[in-house]
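Understanding the architecture of this molecule
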Amino acid sequence: MTTRRAPAPNKSSPPGPQLRFRMRINDGDVIAIGPGKIALLEAIERCGSITAAAKSLDMSYRRAWMLIDEMNHALKTPAVDSAKGGSAGGGSALTASGRELIALYRRIEETAAQAARADIRKLVGMLAR
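Quick summary incoming for the structure in this document. (Residues numbered from 1 in each chain as written. Predicted model: local features only at pLDDT ≥ 70, side-chain atom pairs only at ≥ 80, totals over all residues. Heavy atoms only, no water.)

Notes on the packing of helix H1 (residues 35-47) against helix H3 (residues 61-74)
We count it as follows: To get an axis, fit a line to the C-alpha atoms, keeping to the stretch in contact for a helix; angles then go from 0 to 180 degrees between the N-to-C directions. We count a stretch as a helix when DSSP gives it H or I for four or more residues in a row; a strand needs E for two or more, and each element gets its number in order from the N terminus. Angles are sorted into four bins: roughly parallel if under 35 degrees, roughly antiparallel if over 145, roughly perpendicular if 65 to 115, and oblique for all others. Throughout, a contact is declared for two residues whenever any of their heavy atoms are within 4.5 Å. When residues are grouped by polarity, Ala, Val, Leu, Ile, Met, Phe, Trp, Tyr, Cys and Pro land in nonpolar, Asp, Glu, Lys and Arg in charged, and all others, Gly among them, in polar.
The N-to-C vectors of H1 and H3 enclose an angle of 105°; their axes lie 10 Å apart at closest approach. Classified by the angle their axes make, H1 and H3 are roughly perpendicular. When H1 is examined against H3, the residues Lys37, Leu40, Leu41 and Ile44 are found in contact with a partner set consisting of Ala64, Leu67, Ile68, Glu70 and Met71. The class makeup of the residues in the contact of H1 with H3 is 7 nonpolar, no polar and 2 charged.

As structure tokens, this is what we get:
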């Protein structure tokens, strides 16, 4: 059984129960790594800018920038590298650390889902459909 990522905005979810792991790593009161930050990193990788990534997630640029800043400060090496705007425009790209962060996060989700597959089936089977 695989975990399901939250659907992209404005798309309908598949029918039936869906399991979603919501793993977070807190550093004090700050969520250093969580599902929203991983989704934002993935969107930056796809879109090439914070603005486009935020828009694709139906998030404000300010919120996206704050999440990235919070994450970059929590990590030993930043996950996102941004270029200032200008005549050629700005842009953002994931660093090697950012790409590794996504890979590790998604691998942990998949490993947890595989390890708990039988229990997940039983749990889902308890639902009235």
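Focus: the nonpolar core
Here is the rule: Buried Ala, Val, Leu, Ile, Met, Phe, Trp, Tyr and Cys residues that are joined via side-chain atoms within 4.5 Å together make up what is termed a nonpolar core. Only protein chains enter the accessibility calculation, which uses a 1.4 Å probe; a residue is then buried when its area is under 20% of its type maximum, exposed when over 50%, and partly exposed in between.
Judged by nonpolar contacts, the single largest core of 20 residues is most densely connected at Leu40, Leu41, Ile44 and Val80. The greatest single-element share of this core, amounting to 5 residues, is contributed by H1. With residues up to four places along the chain from it excluded, the contact list for Ile44 reads Ser49, Ile50, Ala53, Ile68, Val80, Ser92, Ala93 and Leu94.

Describing the pattern of salt bridges
Using the following cut-off: One side-chain nitrogen of Lys or Arg within 4 Å of one carboxyl oxygen of Asp or Glu is enough to make a salt bridge.
This model, assessed by the stated rule, comprises 3 salt bridges. Across the salt bridge formed by Glu42 and Arg106, the nearest N and O atoms sit 2.8 Å from each other. Of the two residues, Glu42 is situated in helix H1 and Arg106 in helix H4 (residues 96-115); the sequence distance between them amounts to 64 residues. For the pair Glu42 and Arg106, a shared accessibility class is recorded, and that class is buried.

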